[in-house]
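Chains, contacts and geometry: an overview
Next come the chains, spelled out residue by residue.
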Amino acid sequence: MSSHKALSLTIRDDDTLHSAYLAWLARGGLFVPTERHYSLGQRVYLLITLPDAHDRLPVEGEVVWLTPPGTADRVAGIGVHFGADGQALRERIEARLEAHPSPSVLTRHTL
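Basis of the calculations
Residues numbered from 1 in each chain as written. Predicted model: local features only at pLDDT ≥ 70, side-chain atom pairs only at ≥ 80, totals over all residues. Heavy atoms only, no water. Pairing = 2+ DSSP bridges. Helix = DSSP H or I, 4+ residues; strand = E, 2+ residues; numbered from the N terminus. Axes fitted to C-alpha atoms, helices over the stretch in contact; angles between N-to-C directions. Buried < 20%, exposed > 50% of the residue type's maximum accessible area, 1.4 Å probe, protein only. Core = buried A, V, L, I, M, F, W, Y, C linked by side-chain atoms within 4.5 Å. Contact = heavy atoms within 4.5 Å. Salt bridge = Lys/Arg side-chain N within 4 Å of Asp/Glu carboxyl O.

**Some thoughts on the sheet that holds strand β4 (residues 57-67)**
- Taking strand neighbours across the sheet as the criterion, the 5 strands line up as β1-β3-β4-β5-β2 in an open arrangement whose pairing is mixed. With partners counted over all chains shown, the strands left at the sheet margins are β1 (7-10) and β2 (29-33), one partner each. Ignoring strand direction, the axes of neighbouring strands in this sheet form an average angle of 40 degrees.
- Looking at chain direction, β4 and strand β5 (residues 77-82) are connected through 6 bridges and run antiparallel. Its bridge partner being in β5, W65 is matched across the sheet by G79.

**Details of the pairing of β2**
- For β2, the buried fraction is high: 4 of the 5 residues fall into the buried class.
- Alignment of β2 against β5, held across 5 bridges, turns out to be antiparallel. Directly across from G29, in β5, lies its bridge partner H81.

**A word on the nonpolar core**
- By size, the foremost hydrophobic cluster in this structure holds 24 residues, and its most contacted members are L30, L46, I48, L50, I78, L89 and I93.
- Going through the elements one at a time, β1, α1 (14-20), β2, β3 (43-49), β4, β5 and α2 (87-99) are the ones with two or more residues in this core.
- In contact with L89, other than residues within four places in its own chain, are I48, L50, L57, V59 and F82.

**Concerning the side chain of H81**
- Mapped onto the fold, H81 is located in strand β5.
- Contact partners of H81, with chain neighbours within four places excluded, come to L25, A26, R27, G28, G29, E60, G61, E62 and V64.

**Side note on unusual backbone geometry**
- Although it is not a glycine, D52 adopts a positive phi angle of roughly 65 degrees.
- If you trace the backbone, D52 turns up in the loop between β3 and β4.
- For D52, a relative accessible area of 70% puts it in the exposed group.
- Phi angles above zero are rare outside glycine, and D73 is one such case at about 60 degrees.
- Relative to the elements of secondary structure, D73 occurs in the loop between β4 and β5.

**Examining the pattern of salt bridges**
- The tally for this structure, following the rule as stated, stands at 6 salt bridges.
- One salt bridge in this structure joins E60 and R43, with 3.9 Å as the shortest N-O distance. Pair noted here: E60 is in strand β4 and R43 is in strand β3, with a separation of 17 residues, a long-range link.
- Measuring nitrogen to oxygen at the nearest pair gives 3.2 Å for the salt bridge that ties R92 to D55. Residue R92 is found in helix α2, and its partner D55 is found in the loop between β3 and β4; the two are separated by 37 residues along the sequence.
- A relative accessible area of 35% means that D55 is categorised as partly exposed.

Spelled out as structure tokens, the structure:
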């Protein structure tokens, strides 16, 4: 685990979930807005709250994307690839995204 404390991410609506979810990663992942410095490959611990949920879902992962502060037209943050313990969270996110399709034009934080 990293030397940073756990990152808490509350996703308030489905549009935000669509733009933050990293479906292109093998185990899924999320973009986490943060101004803190991280390195590619760094292990991080996340506490995720999904839309309309009250529980915080813990998951460990690895930093696979960096958007440094000050990047033009981009929110600063990191892309986190879920670890092996993220399967239940991935399934929950994907089920929600299937039930709430995204608008055709959506800003994504990574690719």
